[in-house]
Every structure is written in structure tokens, then in C-alpha cells.
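Observations on the model geometry
Listed below, chain by chain, are the residues.
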Amino acid sequence: MSETVAGTKAESGGGAPGEGSAGWSAFERRELDRRMARAAIYDAIAEGRADWVEKNRYYADEVARLVRSLVPPGSRVLEVGVGLGDLLAALGHDGGHPHAPGRDGVGLDISPRTIELARARHPSLDLRVADVERDALPEGPFDVIVLSDAVGLLEDIERALTRLRPLLTPEGRIIVTYYNFLWEPVLKLAERVGKKTPWPDQNWLSMKDIENLLHLSGYEVVRRGTDILLPAYVPLVSTAMNRVAAQLPLLRESALVSYFVARPVPEHAVSPLPAVSVVCPCRNELGNIREAVARTPVMGPKTELIFVDGNSTDGTVEEIEAVLAEYEGPLELRLVRQGDGKGKGDAVRKGFAAARYEVLMILDSDLTVPPEDLPKFYKALVTGKGEVINGVRLVYPMEGEAMRFLNLLGNKFFSACLSWLLEQPIKDSLCGTKVLTRRSWERISDNRAFFGDFDPFGDFDLLFGAARLCMKIVDLPVRYRARTYGDTKISRFAHGWLLLKMTAFGFRKLRMGL
């Protein structure tokens, strides 16, 4: 993937913590503080990690059995999130295990204290401190890369998987294991009663989510499955449950561990790369205008940022005009006044009508979805991963009060409804960030008469229209941030009732043909 497609400093990592940080923005400094706090948490957990492993020795041995069955003998292995090194050692890379030792295995972990303890535990292993999302990676190629129970703690899974792909041989494989979220209540209870390592909140990932992230990152899943129905040892029972019952229909869906084996596939972007129009609907967002301009990256040969103002009363228009007058950066900036129109959906349609370029993006002006994430949407679109790229806020843990509890429940409810209704997996139907080509938008717009003007927000309008035309909708996880300026425009109960009526309307039109 060319640097032009990848996009920005934010996409490529932005440098080591603390290095050259004098010129960083407030957002970048907040991100740096958060990463350092995360490493400190893992260092603290490391002190009792060996005791937790021993308490759950049977589970660790079962995971090692599973991964060992997926790794060809003699493979050079890279393990990400190596912890205390026991799994890498079990694959033969400490030179003392009978399972066909591999060549020059390497283990990475973000926690310096964890690596210090792992080196003492397995002196012959090559163990290194590294953040797989940002730091320099070991020299490849590797035959196998293993992420065992690691994806749940990554800040940006797609970035990590994308960075790892060039390290694999052409015939190489990446192995990902993660726990089944059906077990979440049991695991949380185990943490509270001292039976499990007390990890911070992890990413909410279904098997479909992990497969989708592998697809977005340039892999093809060649094998997927489940294992381990009983993670504790009970004589005679555990073996039967985990070797036999865990593979049976229905029961396998309840197993604790999900696993994937995927191969790297070449990625080819369209040529020439298309220019981008970013539409930013805004109403009373004065304090976010300059941030939006400073943080929106250039994608492709040209990028324009179009503010569509919905009759603001706090000076937003005046701020946009001031920025337009003084700005000398690489973006093309424009202002469109919404006029008599109402709602975000109308603002988006007016922004798209004014757009000059081929790729159309929606960026909410509250910046709760960071503009720095837009290059990921661009890459997914221009490499053909999908025709409508839909942002998803419900995978990664959210920042502070980014989404209130009832809003979160409502989002999950409507996502489940739309996934069933549209017959495509939609994990977050209400994320404002969506990306598509001008041609796709024109096709949806030409067919709007089928649904009519039923959606003031614009999210269902796009998703329903794309599904009716059998377009491929691809979810792209983003990390949802708390607002730093202004107030939410969402009314939980009034808008929730409206969304419910819109869902019922979609059911009548799409499923009943009425």
C-alpha cells in the first residue's frame, strides 16, 4: 500500500512516545498520555502474572495445544502480546520442548516489566519490548504470526494487523485467538472473585468482527473455529468436553475460544487514486472548526473539507469564514449554508451535491470520531474492500462519557435490527462517519423515491439505500472519543422513538414490499 493511500502521520504511527512531541496537537498529546497509562497498567498486572498463569494452568495448556496444532513444525514464529513467554516456549522456541523446535522465534509485548519477567522465566527466548501499533518491528520474514488473546487489548487492531502483514512469507499465516463474548459475565465474575487476571476493559469483538478486521487489513481467512468448552480441569470430563463436545454443532457456538487462521493477500488500489470531498455538517460547533481543519488529513491527490452550516447561532459561520480567509494549508476549504433545510440528513445531501471529487466522506463536527481515522476509510474504499464503508464505535472501549449507557443500548438494539433487516452485518447503524464513491451515492440518490424522505439523520437513508441496491457494506471500527466542545444534538427518547418508527418503516418496505 502506497504512502499516499495510507495517508497521514496518524496512520503510520507518529513516532515514539515523547519523541519530537513539542509540536504535537492537544489530541496527539492526549493519545500519548493514554498509551503511557496503558503500558503502566500492564506493568502493574505483570507483578502477579505468574500466579494468575498457575491458577489457570489448564486453560493455558489447552490454548497452547490449540495453537501448536495450527503451527507447522519448524516454523519461524512471531508472537504479539507474548506475556511471560510460555506459549512461545510451548511452540518449541526455547529449544527445550519436544514439539519440533522452530527457527529464531521472537516475542513482543508493550510492557517492559512483563518482558523483564519473561526473560528471567525463559532466558533462551528472543523477547522484546515493542508496541506493535507504533514501534519498529523485528525483521521478517516469519512463517507464522500469533496473537493469542491479544486483539482485545489493542488500541487499533486494523493498524496492528496491517503493520504485521509485510513480515509474513508469501505462504505465511497469521493466527488469532480470542474469547467468545458470550463468556463475558462469567469472566468478569472470575475476575471479581480472584480466579482470573484483572485486565482493563477489552474490545467487544464477535467472530464476524475479527474476520472483518482481517479482511480490512489484507488477509483472507482460510480456517476458523472454536475450542475449549471447559477451561478448568475436571478429571475425565474436561477432555471429553474440549476434544469432542466443543466441535459439535450448537455446542461449538458456546465454546470459550474462537480462532482464525488467515493468509496475506496482495492489495491493489484503484489507479489513479481518487480525490476526496469531506462533508462536515455543523450547528453551533464554533470550538471544533479549527480542530477539524488542523486534523483532517489530505487523502489521494486532493482533499476538500466542506462545512455545511445548519443555521448556527454561536458564531460558527463567522469562525468558518475567518478560517477560510486566513488558511494556507493543503486542504481546499468551503462553506455551504443549509438554509431552510433541517436535520443532518439534509445537510449531508447538500454537501454531497456541492462536492467536487469522487470519494465522499461524512465527518461529524463534534470530532468524536477522530479525523485522523479517515485514511482508513479511504484505504478500505480504494482497495475494494466494500462499496459503503460504515464507521463502528462499538468495538473499542469508549473514552469517558463519549456515549451514555442508554444511547449505547439503543445503538446495539438498532444495529441488531438492521443486521437482520438488511441481511448484512451492521454493528453500528448510527455512527456518523460513512464513506462511499460519488457513483454509489448517485445510485442511492436516484432510488430514494422507494423509501422517500423518511430519515432526518441520514444514516438509515444511506444504509437502506445501499442494501436495496445490494451494495457491499463494510464495518470499520473506530475509537469513539468524548466531546471537548459543545453539547450533543441527540435526544435519547424522542430520537429513539423516531429511529424505531424508521426501522419499522424499513421492515415494511424491504421485507414486506408494502
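Residues numbered from 1 in each chain as written. Predicted model: local features only at pLDDT ≥ 70, side-chain atom pairs only at ≥ 80, totals over all residues. Heavy atoms only, no water.

Here the focus is the overall build of the chain. A count of helical and extended segments in the chain gives 19 helices and 14 strands. The proportion of buried residues among the 514 residues of the chain is 54%. Restricting the contact set of the chain to residue pairs at least 6 apart, pairs at least 24 apart contribute 79%. When the accessible area of the chain is evaluated, it comes to approximately 22,000 Å², of which 56% is carbon and sulfur surface. (Helix = DSSP H or I, 4+ residues; strand = E, 2+ residues; numbered from the N terminus. Buried < 20%, exposed > 50% of the residue type's maximum accessible area, 1.4 Å probe, protein only. Contact = heavy atoms within 4.5 Å. Areas by Shrake-Rupley, 256 points an atom, 1.4 Å probe, with all protein chains shown as cover.)

As summarised here, the arrangement of the 7 strands in space is 10-9-8-11-13-12-14, forming an open sheet in which the pairing is mixed. One side of each edge strand has no neighbouring strand; the edge strands of this open sheet are strand 10 (332–337) and strand 14 (473–477). Strand-to-strand twist in this sheet, taken as the mean axis angle between neighbours without regard to direction, amounts to 20 degrees. Sitting on the sheet, helix 14 (residues 343–354) touches strand 8 (276–282), strand 9 (303–309), strand 10, strand 11 (359–362) and strand 13 (434–437), and the angle it makes with strand 8 is about 150 degrees. (Pairing = 2+ DSSP bridges. Axes fitted to C-alpha atoms, helices over the stretch in contact; angles between N-to-C directions.)

Side-chain alternation along strand 13 places K434 and L436 on one buried face and V435 and T437 on a second face that is also buried. Taken together, the 3 bridges between strand 11 and strand 13 define a ladder with antiparallel strand orientation. Bridging from a neighbouring strand, L360 pairs with L436 of strand 13. Two strands pair when backbone bridges link them, and strand 12 (residues 388–392) and strand 13 are joined in this way by 3 bridges, in the antiparallel orientation. The residue bridging N390 from the neighbouring strand is K434, located in strand 13.

A separate point is the environment of V151. When you line up the elements, V151 lands in the loop between strand 4 (142–148) and helix 8 (157–164). Residue V151 is classed as buried on the basis of its relative accessible area of 3%. Residues V151 and Y178 lie 27 residues apart in sequence; the distance between their C-alpha atoms is 7.1 Å. In this structure V151 touches I157, V176, Y178, N203 and L205, once residues within four positions along its chain are discounted.

Attention shifts here to the packing of helix 8 against helix 10 (residues 207–216). The packing of two helices is summarised by the inter-axis angle and the distance between the axes. At their nearest, the axes of helix 8 and helix 10 sit 9 Å apart, and the two run at 50 degrees to each other. Judged by the inter-axis angle, helix 8 sits oblique to helix 10. When the axes of helix 8 and helix 10 are compared, the crossing they make is right-handed. Counted together, I157, E158 and L161 of helix 8 and L213, L214 and L216 of helix 10 form the full contact between these two elements. (Parallel < 35°, antiparallel > 145°, perpendicular 65-115°, else oblique. Left-handed = near helix turned anticlockwise from the far one by under 90°.)

This part is about the packing of aromatic side chains. Evaluated as defined, the whole model comprises 5 aromatic pairs. Taking 5.5 Å as the distance between ring centres and 50 degrees as the angle between the ring planes, the aromatic pair formed by Y58 and Y233 counts as tilted. Here Y233 lies in the loop between strand 6 (219–227) and helix 11 (237–243) and Y58 lies in helix 5 (residues 57–70), a separation of 175 residues in the sequence. The exposure class of Y58 is buried, given its relative accessible area of 17%. Here Y179 and F181 contribute two aromatic rings whose centre-to-centre distance is 5.1 Å and whose plane-to-plane angle is 20 degrees, an arrangement assigned as stacked. The class of Y179 is buried, set by a relative accessible area of 10%. Taken together through their ring pairs, the aromatic side chains of Y178, Y179 and F181 make up a single cluster. Over the face of the ring belonging to Y480 we find R393, whose NZ or CZ atom lies 5.0 Å from the ring centre. (Phe/Tyr/Trp six-rings, centres within 6.5 Å; stacked < 30°, edge-to-face > 60°. Lys NZ or Arg CZ within 6 Å of the ring centre and 35° of its normal.)

We now examine the sheet that holds strand 1 (residues 77–80). An order of 3-2-1-4-5-7-6 is seen for the 7 strands of this open sheet, with the pairing classed as mixed. For this open sheet the edge positions go to strand 3 (126–129) and strand 6, each flanked by a neighbour on one side alone. Taken pair by pair, the neighbouring strands of this sheet meet at an average axis angle of 20 degrees, ignoring direction. Sheet topology note: the strand 1/strand 4 ladder contains 3 bridges and is parallel. Counted as the bridge partner of L78 is I145 from strand 4.

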